[in-house]
Amino acid sequence: MRKTEFLNELEEHLIGIAKDDKEEIMQDYEEHFKVGAKKKRTEAGIAKSLGNPKQIARDIRKELSKTTERDELKSEAIETFVAAKKFTKHIFNESKNKIENLIQEEKGRNRKGEFSKELWIILGLIVLSIISGRGIFMFGAVVIFVYSAIKYIKKEKKGNSKNAKIKSTSKKAKSNRKSSIKIILSLMFNFLFFIWFWISILCTLISLLISGIAILLSGAIVMAYSIFALISYKTPLTKDILFSALFAGAGLTIFGGLFTGLFEKLTKLFFKITKKYIELNMRFVRKWE
Amino acid sequence: MDTQFKKGVLDLCVLSTLRKKDHYGYELVQKISMDIQITEGTLYPILRRLKNEGYLQTYLRESSEGPSRKYYSLTKSGKDKAKKLKTEWKDFERKVDKILR
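From a predicted model like this one, the values you see are computed outputs, not experimental measurements.

What counts, and at which threshold
- Counting from 1, residues in each chain are numbered in the order their sequence is written.
- Here the convention is simple: chains get letters from A, ligands get numbers from 1, in the order in which they are written.
- It should be noted that, the model being predicted, local features are given only for residues of pLDDT at least 70 and side-chain atom pairs only at 80 or more, the latter also being counted only at that level, while totals for whole chains, interfaces and linings use all residues.
- Only heavy atoms go into the side-chain values, all of them from the structure, while hydrogens and water stay out.
- Each helix is a run of H or I in the DSSP string that is no shorter than four residues. Each strand is a run of E no shorter than two, and both are numbered from the N terminus.
- We call a residue buried when its accessible area falls under 20% of the maximum for its residue type, exposed when it is over 50%, and partly exposed in between, using a 1.4 Å probe and counting protein chains only.
- Only heavy atoms enter the contact rule, under which two residues are in contact if any of them lie within 4.5 Å.
- All accessibility values rest on the Shrake-Rupley procedure with a 1.4 Å probe; residue burial counts only the protein chains present in the view.
- Patch criteria: residues need more than 30% relative accessible area and no salt bridge. Like-charged residues are merged within 9 Å; nonpolar side chains of Val, Leu, Ile, Met, Phe, Trp and Tyr are merged within 5 Å.
- Only one rule defines a salt bridge in this text: a Lys or Arg side-chain nitrogen within 4 Å of an Asp or Glu carboxyl oxygen.
- In this tally, Lys and Arg are treated as positive and Asp and Glu as negative; His is ignored, and so are the chain termini.
- Think of each charge as sitting on NZ of Lys, CZ of Arg, CG of Asp or CD of Glu.
- Any two of the Phe, Tyr and Trp rings considered here, Trp counted by its six-membered ring, make a pair once their centres fall within 6.5 Å; the pair's planes then place it as stacked at under 30 degrees, edge-to-face at over 60, or tilted in between.
- In this analysis the charged atom, NZ for Lys or CZ for Arg, is taken to sit over a ring once it is within 6 Å of the ring centre and within 35 degrees of the ring normal.

Here we come to the overall build of chain A. From N to C terminus, chain A includes nine helices and zero strands. Written out in order from the N terminus, the α and β elements of chain A read α-α-α-α-α-α-α-α-α. Out of the 289 residues in chain A, the part that is buried amounts to 34%. Considering only contacts within chain A whose residues lie at least 6 apart along the sequence, 70% involve residues at least 24 apart. Counting only carbon and sulfur atoms, one obtains 67% of the accessible surface of chain A, whose full area is about 19,400 Å².

Time to look at a positive patch on the surface. Residues and elements named next belong to chain B. A contiguous patch of positive charge, built from Arg 19, Lys 20, Lys 31, Lys 83, Lys 86 and Lys 90, is present on the exposed surface. Those elements giving two or more residues to the positive patch turn out to be helix 1 (3-20) and helix 4 (76-100). Here the positive patch takes three residues from helix 4, the largest share from any one element.

So, on to the packing of aromatic side chains. Per the stated rule, a full pass over the model turns up ten aromatic pairs over all chains. Ring geometry for Trp 198 of chain A versus Phe 270 of chain A: centroids 5.7 Å apart, planes at 25°, classification stacked. Taken together, the residues span a long stretch of sequence, with Trp 198 of chain A in helix 8 (residues 170-232) and Phe 270 of chain A in helix 9 (residues 239-287) at a distance of 72 residues. In terms of burial, Trp 198 of chain A and Phe 270 of chain A fall into one category: buried. An aromatic cluster is present here, built from Phe 6, Tyr 29 and Phe 33 of chain A together with Tyr 44 of chain B joined pairwise through their rings. If you follow Arg 61 of chain B out to its NZ or CZ, it ends over the ring of Tyr 71 of chain B, 4.3 Å from the centre. The lysine or arginine in question, Arg 69 of chain B, covers the ring of Tyr 24 of chain B, its NZ or CZ lying 4.2 Å from the ring centre.

What follows is the structure, given as structure tokens:
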């Protein structure tokens, strides 16, 4: 073990120690290595004679923190926590590396285009299922979705195995496969569950937009008619009614315009959110590879 | 040597060694771990504790061989504690000897 490895391992396990104690102890060990180096000892030799940093950390905690009978459990807990932290960091870095490698690979291929074609097919099937009222189209959409997700993940895995930097034992490969299945299932349920909310919100927005346009148009028609009637004098209605109709029409038009504008903005926002949601899901799939 | 003996006696060894003269960290650790077989790393926490308890004090001294080193010396209460521990040990030794005979 080298000096920095030893010192880092030691410091990581010094949880629950007062800051000055911790600093001073780390300095002591630093100095020990320095003096040892001056006496021509190797870092590995010094580290070996110092002992196991985890055990030393345990001793330090025993000497310097308020000790109770729960000490053994506490030490176990601390060591487990540090190991878990290291593991998470390791997975995160590995995923980051994999994504970076994939991005470099994909720059040639038009992978994105491929995927969105299938997405359109799925959307088309959903619309068909709504229009026709037949569930079979919905079922088809789900099947295509799962199929494309599996294909996508398989392609990514192929890309990974090409990369020599990534060490994978059979255990990891097995757990990768398990997690891909889990991810596909969760995405499927995600899809089945959220799609209904998404559709109902979409329909509401569409109907609101249509109502807005209808209001706008009716206002415009009233305005137009009253103006025409006032000008031509050939109408069963009296002038005062026509004038109030004119202003009512104007009011309706303005209101309709505002109404439509508002819901147009909301619809745009809705589609932006949908895109982000899909993106997030895709990132989630990649990360857990 | 049994670990229980070692642990009980380390404070005594550290304090007595420092009673004779001041040592710097590395030197002290080497000396003690040579005679009593303990892993060197476990001594620094003991030194830190003894310092927190007021028995030791530290100072930096320039060294010809490189950076300045941290030297450990006994405080007044450290000297008293050293004496006390030595008496307790002698006493203990006598009693155990008696049983072993």
